Amino acid sequence: MGNNSFTRRQFIHIGSGALAATTVAGTILRPHLLSAAARPVAPSDTVRFASIGTGIRGCELLEASTHVPGVECVAVCDLYDSRHAAGQEAVKSNVPASGDYRTILDRKDVDAVIIAVMDHQHRHIFEDACAAGKDVYCEKPMSHTVEDGFAMIAAAHKANRIIQIGSQRVSSVLYAKAKEIYDSGKLGEVTAIEAYWDRNSPSGAWVYPIPPNASEKTIDWNAFLGSGPKRPFDPVLFFRWRCFRDYGEGLAGDLFVHLISGINYISGTNVVAQRAQSSGGLFHFKAGREFPDLIETIYDYPNFRVSLRCNLNNDGGEFIGFYGTKGTMIIKDSTLTYKPQDTRPEPEGYSIFGWPRELREQYLKQWHEEHPRTAALAAKVDEEGESYAAPPGYSDTVDHEANFFNAVRTRKVVTENEIFGNNAAIGCHLSNFAYFNKCIAVWDPAAMKIVKG
Ligand SMILES: NC(=O)c1ccc[n+]([C@@H]2O[C@H](COP(=O)([O-])OP(=O)(O)OC[C@H]3O[C@@H](n4cnc5c(N)ncnc54)[C@H](O)[C@@H]3O)[C@@H](O)[C@H]2O)c1
């Protein structure tokens, strides 16, 4: 077995999906990174970037950037002083750090910025960055509100910038293989897609620890509040912002956006679902949040229905299933399986139990005369299907960043651009609209609004 193959035992170890257990052998996929920088990058082609927001994700992105060829971080910026050092440590460079992102936008030697700030801050930094002529990698979900998303698209188009939104699975080798299978038609007509992302820990529910030095001396509280409601200093709001509607979008904005982006990418969909219905509740993490800890949403898309769930009270991991008339494709954590169905014509076997023998035999004789077994029909369907896994230690974040920085160089539009990112983010807003208003959320494309159904 070659280097890029894995045995059944290894596959089950990599990901314990239901279909994985039936798989005999599979292929370990290769990272995309080299294709993102097809040639060695000349020093004159080095992309110089800065990170605005060096919290959890900002630091992850800075660390990932050290694995991308031809890029150089030249500054970091954050409202919380201690995150200046965190950003410098992540990028392994003592780059200048500040609390005011305009100092970065004013620099002529900065080609691009990463925006990794709380969701309610995305829009104004994004608009200012575009107006300053910077290309933008903006974290997901692109928008905090529907209105924000369309304003961001207008800003990007006015300034003609390269934009990439940060649902990194869109650049994953596993998702590229899934798209190849989907596009091949092997699944037949896909009418149902379901996905979940379940986790069961305080960290998974964003109950993050508050650093001991958090205070108004170390955090620019007014800048964090931005144009939102004025409130006295509260470190819980700052560090656990995802729990609160003024700053985040709960599970929909945090996790549904990845599932929707993945489903849209694989199925070649770049529209907003027509309508959504949500259910859920706050069952376990009851204190200190406005969002439910379980949410389920069913979306109507033109060609299929999508059912999503996030549950913070069970450790089920990440799953997307595509159910077609000819086969089933499952992504479970870092593995992918495709299982064909035997769709060869068969005589009716069930309902003729209610027929007398003579009629049964007459029917079967006629059926076999009308359906001769050709060689093609006699061939056995490969019931093992196909299995793939991302390589050990694979980072789709590195591939996603590589795609962005390569686009900054080539000026070629990326897949997860502002339109794609906005459509995925509206999917999150539909989910929350339906949940909080206890109604069907309908997308009105002409009015560019969500309305009650
Ligand atoms: N793609 C992913 O897998 C992924 C994972 C985690 C988070 N995210 C996204 O990344 C973003 C940041 O999330 P996080 O977990 O890092 O949050 P975080 O709270 O850890 O960090 C956000 C940082 O942004 C800074 N900030 C806010 N407004 C600012 C401003 N005006 N100027 C400078 N700095 C500012 C804050 O001071 C804070 O340190 C969010 O949009 C989140 O949804 C994406």
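Located above this text is the structure these notes cover.
No experiment lies behind these values; they were computed from the predicted model shown.

Trainee: Go over the overall build of the protein, please, and point to the residues and values.
Mentor: On a plain count of helices and strands, the protein comes out with 15 helices and 18 strands. Against the compact-globule benchmark of 22 Å for 453 residues, the protein has a radius of gyration of 25 Å, which places it among compact chains. Viewed in the frame of its principal axes, the protein has a C-alpha envelope of about 90 × 55 × 40 Å. Going through the 453 residues of the protein one by one, you find that 52% of them count as buried. A total of about 20,700 Å² of accessible surface is found on the protein, and carbon and sulfur atoms cover 53% of it. If you average the places of the 47 positive and of the 53 negative side-chain charges in the protein, the two averages end up 0 Å apart.

Trainee: Would you mind going over the packing of aromatic side chains in detail, with residue names and values included?
Mentor: The final tally for this structure, using the stated rule, is 18 aromatic pairs. Aromatic pair Phe-224 and Phe-238: ring centres 5.1 Å apart, planes at 65°, arrangement edge-to-face. Pair noted here: Phe-224 is in helix α9 (residues 221-225) and Phe-238 is in helix α10 (residues 235-239), with a separation of 14 residues, a long-range link. Assigned by exposure class, Phe-224 and Phe-238 land together as buried. In this arrangement the basic side chain of Lys-179 is found over the ring face of Tyr-265, its NZ or CZ atom lying 5.6 Å from the centre.

Trainee: Lay out helix α14 (residues 396-410) in plain terms, naming residues and giving numbers.
Mentor: A rise of 1.5 Å per residue sets the reference length of α14, with its 15 residues, at 21 Å; its end C-alpha atoms lie 21 Å apart and thus fit the reference within 8%. The element α14 is extensively covered by neighbouring structure, given that 11 of its 15 residues are classed as buried. Within α14 the residues assigned to the buried category are Asp-396, Thr-397, Val-398, Asp-399, His-400, Glu-401, Ala-402, Phe-404, Phe-405, Ala-407 and Val-408. The opening residue of α14, the one whose side-chain oxygen lies 3.3 Å from the backbone nitrogen of Thr-397, is Ser-395. Immediately downstream of α14, the backbone of Arg-411 shows phi near 65°, a positive value.

Trainee: So what about the site of the ligand? Which residues, and what values?
Mentor: In the region of the ligand, 27 residues are neighbours, and Arg-57, Asp-78, Arg-83, Asp-119 and Arg-242 sit closest. The contact in question runs from an oxygen atom of the ligand to an N or O atom on the backbone of Leu-79, over 3.4 Å. Within the side chain of Glu-139, one N or O atom sits 3.0 Å away from a nitrogen atom of the ligand. Considered on its own, the ligand offers 850 Å² of accessible surface; in the complex 95% of this is hidden by protein. Looking at the shell around the ligand, the elements that each hand over two or more residues are α3 (56-65) and α6 (122-131).

Trainee: An account of the environment of Tyr-80 is requested, with residue identities and associated values reported.
Mentor: Topologically, Tyr-80 is positioned in the loop between β4 (71-77) and α4 (82-91). Between the C-alpha atom of Tyr-80 and that of Thr-145, which follows or precedes it by 65 residues, the distance is 25 Å. If we skip the residues at most four places from it in the chain, Tyr-80 touches Pro-211, Asn-213, Thr-218, Ile-219, Phe-238 and Phe-239.

Trainee: Kindly report on the environment of Asn-200, identifying the contributing residues and their values.
Mentor: With respect to the helices and strands, Asn-200 occurs in the loop between β9 (190-198) and α9. Using a relative accessible area of 43% as the deciding quantity, one classes Asn-200 as partly exposed. The spatial distance from the C-alpha of Asn-200 to the C-alpha of Arg-245 is 22 Å, given a sequence separation of 45 residues. Discounting residues that sit within four places of it in the chain, Asn-200 has contacts with Leu-312, Asn-313, Asn-314 and Asp-315.

Trainee: For the pairing of strand β13 (residues 317-324), give the residues involved together with the corresponding values.
Mentor: The element β13 is extensively covered by neighbouring structure, given that seven of its eight residues are classed as buried. Both β9 and β13 contribute to a ladder of eight bridges, which runs antiparallel. Looking at β13, one finds that Tyr-196 is bridged to Phe-319. Here β13 pairs with strand β14 (residues 327-332) via five bridges, running antiparallel.

Trainee: Any chance you could break down the sheet that holds strand β8 (residues 163-165) for me, citing the residues and the numbers?
Mentor: The sheet built from six strands is open, its strands ordered β5-β4-β3-β6-β7-β8 with parallel pairing. Looking at strand neighbours, the two that pair on one side only are β5 (97-98) and β8, the edges of this open sheet. Where strand β3 (residues 47-52) lies against strand β6 (residues 112-115), four bridges are found, and the strand directions are parallel. Residue pairing for β6: Ser-51 is matched across the bridge by Ile-114. The strands touched by α4 are β4 and β5; relative to β4, the strand with the most contacts, the crossing angle is about 170°. Helix-sheet contacts for α6 involve β3, β6, β7 (135-138) and β8, and the interaxial angle to β7 is about 160°.

The rules behind each value
Residues numbered from 1 in each chain as written. Predicted model: local features only at pLDDT ≥ 70, side-chain atom pairs only at ≥ 80, totals over all residues. Heavy atoms only, no water. Helix = DSSP H or I, 4+ residues; strand = E, 2+ residues; numbered from the N terminus. Rg over C-alpha atoms; globule rule 2.2 N^0.38 Å. Buried < 20%, exposed > 50% of the residue type's maximum accessible area, 1.4 Å probe, protein only. Areas by Shrake-Rupley, 256 points an atom, 1.4 Å probe, with all protein chains shown as cover. Lys, Arg positive; Asp, Glu negative; His and termini not counted. Charge placed at Lys NZ, Arg CZ, Asp CG, Glu CD. Phe/Tyr/Trp six-rings, centres within 6.5 Å; stacked < 30°, edge-to-face > 60°. Lys NZ or Arg CZ within 6 Å of the ring centre and 35° of its normal. Expected span 1.5 Å × (residues − 1). Polar contact = N/O pair within 3.5 Å; in protein donor to acceptor, adjacent residues only side chain to side chain. Near = heavy atom within 4 Å. Contact = heavy atoms within 4.5 Å. Pairing = 2+ DSSP bridges. Axes fitted to C-alpha atoms, helices over the stretch in contact; angles between N-to-C directions.

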